[in-house]
Every structure is written in structure tokens, then in C-alpha cells.
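# Structure at a glance
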Amino acid sequence: MHEMSIVLSMLDLAEHSAREEGASRIDAIHLEIGALAGVVPEALEFAFQGARDGTMAEAARLEVDYLPAMARCAGCEADFELDNRYGVALCPTCGTPSANLWQGRELHLAHLEVT
Amino acid sequence: MSQAPGTRDVALHAHGGVDGSDVRTVQVQKSLMTHNDGVAAENRARFGDRLVLNIVSSPGSGKTALMERTVADLADTLRVGVVVGDLETDNDAVRIHGAGAPSVQIVTGAVCHLEAEMVARAVDGLDVEHLDVVVIENVGNLVCPAAWDLGEDLRVTMLSTTEGEDKPLKYPRIFKDADAVIVNKIDIADAVGFERDAALDAIAKVAPTATVFETSARTGEGMDAWTAWLRERQAEKRTAIAGAPAGAGVAAERPR
Ligand SMILES: [Zn+2]
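Residues numbered from 1 in each chain as written. Chains lettered and ligands numbered in written order. Predicted model: local features only at pLDDT ≥ 70, side-chain atom pairs only at ≥ 80, totals over all residues. Heavy atoms only, no water.

Each helix and strand in chain B was counted, giving eight helices and nine strands. Out of the 256 residues belonging to chain B, those deemed buried represent 51%. A separation threshold of at least 6 residues defines the contact pool for chain B, and within that pool the share at least 24 residues apart is 73%. Looking at chain B as shown, the accessible area adds up to about 11200 Å², and 52% of this sits on carbon and sulfur atoms. (Helix = DSSP H or I, 4+ residues; strand = E, 2+ residues; numbered from the N terminus. Buried < 20%, exposed > 50% of the residue type's maximum accessible area, 1.4 Å probe, protein only. Contact = heavy atoms within 4.5 Å. Areas by Shrake-Rupley, 256 points an atom, 1.4 Å probe, with all protein chains shown as cover.)

Further remarks concern the packing of helix H1 (residues 2-20) of chain A against helix H2 (residues 41-51) of chain A. Residue and element names in this part refer to chain A. Orientation of H1 relative to H2, taken along the N-to-C sense of each, is 55 degrees, at an axis distance of 9 Å. Between H1 and H2, the angle falls in the class oblique. Seen along the crossing, H1 lies across H2 with a hand that is right-handed. Contacts between H1 and H2 involve Glu-3, Met-4, Ile-6, Val-7, Leu-8, Met-10 and Leu-11 on the former and, on the latter, Ala-43, Leu-44, Ala-47, Phe-48 and Ala-51. Split into classes, the residues belonging to the contact of H1 with H2 amount to eleven nonpolar, no polar and one charged. (Axes fitted to C-alpha atoms, helices over the stretch in contact; angles between N-to-C directions. Parallel < 35°, antiparallel > 145°, perpendicular 65-115°, else oblique. Left-handed = near helix turned anticlockwise from the far one by under 90°. Nonpolar A, V, L, I, M, F, W, Y, C, P; charged D, E, K, R; others polar.)

Turning our attention to the packing of helix H1 (residues 34-47) of chain B against helix H4 (residues 116-123) of chain B. Residues and elements named next belong to chain B. Here H1 crosses H4 at 30 degrees, and the two axes come no closer than 8 Å. The angle between H1 and H4 places the two elements in the roughly parallel class. Pair H1 / H4 crosses with left-handed handedness. Residues His-35, Asn-36, Val-39, Ala-40, Asn-43, Arg-46 and Phe-47 of H1 form the contact with H4, whose own contacting residues are Ala-116, Glu-117, Val-119, Ala-120 and Val-123. Class assignment for the residues of the contact of H1 with H4 results in seven nonpolar, three polar and two charged.

Of note, His-2 of chain A is situated in helix H1. Exposure remark for His-2 of chain A: the relative accessible area of 4% places this residue in the buried category.

It is worth spelling out the nonpolar core at this point. Of all hydrophobic cores here, the largest spans 48 residues; its most connected members are Met-10, Ile-26, Ile-29, Leu-31, Leu-107, Leu-109 and Leu-112 of chain A. At the level of secondary structure, the elements contributing two or more residues to this core comprise H1, strand E1 (26-34), H2 and strand E6 (107-114) of chain A together with strand E2 (23-31), strand E5 (103-107), H4 and strand E6 (133-137) of chain B. Broken down by element, the residue count for this core peaks at seven residues, all from H1 of chain A. Filtering out sequence-adjacent residues up to four positions away, Leu-112 of chain A remains in contact with Ala-14, Ser-17, Ala-18, Ile-26, Ala-28 and Ile-29 of chain A together with Arg-24, Thr-25, Val-26 and Val-28 of chain B. Core analysis: the next-biggest nonpolar cluster, separate from the first, contains 25 residues, Leu-51, Val-71, Leu-78 and Met-223 of chain B among them. (Core = buried A, V, L, I, M, F, W, Y, C linked by side-chain atoms within 4.5 Å.)

Here we take up the sheet that holds strand E3 (residues 70-72) of chain A. Residue and element names in this part refer to chain A. In space, the three strands of this open sheet follow the order E4-E3-E5, with antiparallel pairing throughout. What marks the edges here is a single partner per strand, and that holds for strand E4 (79-81) and strand E5 (101-103). With strand direction ignored, the average angle separating the axes of adjacent strands in the sheet is 35 degrees. Two strands pair when backbone bridges link them, and E3 and E5 are joined in this way by two bridges, in the antiparallel orientation. Bridging from a neighbouring strand, Met-70 pairs with Gln-103 of E5. (Pairing = 2+ DSSP bridges.)

Now for the interface of chain B and chain A. Taken together, the contacts link 38 residues of chain B with 39 residues of chain A. Taken together, the two surfaces of chain B and chain A that pack against each other cover about 3200 Å², and 60% of this comes from carbon and sulfur. It is Arg-24, Leu-32 and Lys-176 of chain B that lose the most area in chain B upon contact with chain A, and together they represent 23% of the buried surface on that side. Counting across the interface, chain B meets chain A through one salt bridge. One salt bridge in this structure joins Arg-105 of chain A and Asp-177 of chain B, with 2.6 Å as the shortest N-O distance. At the boundary of chain B and chain A, one finds 13 residue pairs in polar contact (both at pLDDT 80 or more). Listing elements by their share of the side of chain B that touches chain A, those giving two or more residues are strand E1 (10-14), E2, helix H5 (167-170), helix H6 (172-176) and helix H7 (196-206) of chain B. Per-element tally for the side of chain B that touches chain A: the top contributor is E2 of chain B, with nine residues. For the side of chain B that touches chain A, a count of residues per class yields 19 nonpolar, eight polar and eleven charged. (Buried area = accessible area lost by both parts, 1.4 Å probe. Salt bridge = Lys/Arg side-chain N within 4 Å of Asp/Glu carboxyl O. Polar contact = N/O pair within 3.5 Å; in protein donor to acceptor, adjacent residues only side chain to side chain.)

Listed below in C-alpha cells is the structure:
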């Protein structure tokens, strides 16, 4: 379960950022995760429940925005959302397969709520 | 790491936290992979002009057999070292070692993927100075390794004819990030009812810019094209780094 590795990185980064701001507690962690980041929401929450004890985020909420996978067509330069179930990037306008995935891989710590 | 001004404003956005204290919003705006990506960049610097591959596949795709054969085929002119990531045993490293390449095993335990730090430690056990190519065999898994940059130049995703033509559609991320896709075990394609056209079509839809190789590690079919491609990439990187001005950070970041 690679979600545990992701959660441990997240807690490190969150605690470091919270300390830099002189906070004593993290109340909420806001993430942005791409549809193709390979993260299972339930597994992420489960890993978080298991790893947060003894950290500044012991009582924190985990809030996640899932971002759709977006590609740009090399043929007609249209931006389009991928069929996320399969990740096939065929331009709906001209049918060209696209390798230019500009959103969907994110594993991003956006902001914290701290006290 | 310093931040651009304005990305780190601390706003008093609410009053009265659970215990009556002020709740503040702290903008972080950083990737959870920041640490890993930093170590990957160090790995990349340390690898210098050596060509580094990160090979991902599902278990049973024949990755180790293909690497044994690849190492043996390249051995006439190139010195290849192998880093093998595995959940438990060291069978794969033993096999690679039998093929004549220096190899080092990373036992990942419960961790289902390799991370840059694991590779950094493993490389201490490999005489990188005297190598031309470093092959990193990732843990057999088509989901988990995707997000971790190890410091490689090329990501290679493998599937075998026993796995089904729709695999690229089911695991799009790992195929989308591939510089090369290998379809292995083509010697038994007919016997297992593998539909080649459907597989190539799926790869082209998900990874239109990847170079595709069809191989059999058992019969050697298709190996020439694959190893010729590796030799070209290795020469290309060596030339690029030799021609770069001193101190220039060549290939500090793997382009995506
Ligand atoms: Zn188009």
C-alpha cells in the first residue's frame, strides 16, 4: 500500500510547515490529488488514521480535492478531460491520441489549518 | 527551499478553534514528492553520464529473464549494473549476478515500490564509477511505483502476452509515463490467444510517444531492436554530458 508512504511524506511536510509558522496543532490538511496519481481515497484515509497518532495532526481533518486528468491535443490544441476510468487520451474533437497530460498526476499539499 | 513572495501568506481566516484559539490558514503549495524528488535529483547527479533505466511491470511478466538476457547482450561493449527491488527474496539478484552483472538487492519488505532514497543506499553497494548502464528493476507492480522518480533517464514499462491486451488501459499512468513499452513473451503469443493488434492499439492510445518493443527473452526474438535502442540512448547521453559546459546541470529533471 503506497498510500502509507504518501501519508508519511505528507505528515513530514505538514509538521515542518506548521512549525515554521509557530503553530502548535494542525486542524486540517488540504490535499489536491490527480485522478491518475494512483491513490485510492479509502486507502489514503486508512493510512492517515494509522499514522497520525503522536503527530501535530493527531486530531486533524484530511480534506482532498480530486483533480480530473486533463490533456492537450497536439493536433488542434484543444484541452479535454480524459476518460478517467481508462486514461485513454483521445481528443474528442479530432481523435488524435495525446501524450501531453497537464493535470492528473498531482500529489499536492495545498494548505493547512493550524492553531 | 525558498518560496516566491506571496505564496506563503498566513491569513487569519477564522476565530475560535476548538479550544477558543485562532485558526490560521497556512499556504504550503508543495508536492508530497518534494523530498523524494530531491533525492532523485541527487541520484541523477551521482549517475553522471551513465544511462539509468527504471523498469516496471506486473509480477510474472518475465522482467528478470529479460534483464538477464539484456545484460548478456550488452556485455560485449557496455558494463551494466543492476539494482533489483523485491518484496522479500534475493532470487532475482542471484539470477542477474549469474548473468555476469554486478547487482545489488533492495528488500522492500511491505513497501510495494522503490523510492529514491532506497536506490541511493543500494547504489553505495554498486561500483557506479565503473559502469556504463544502471538498470533498476522496480518491484513487480503496475500501480505503486508510478509516482516515485528514482533518478532514472528512461522509464520502461513491461507487459507480457499472458497478461491481456487491455493492460495499458487499466493501468494508464504507468504506461503514460513510459519512454519505452516492452511486450514480452511473444514466442507464446499464439498459444495464449494474445491479440497483438488490440495490444498495440491500446499502447498507442495511452502512450502515443513511447517506443514499443516486442520481445521474447526465451528465444531472443526482438532483443536486437531493444538492445540497439539502449546502446543509442547510452551514446546519446554520454555525448550530451560530454558536450555540456562544465557545471551545467544536465538532465537535472526528468522531463515529463
Ligand atoms: Zn484535437
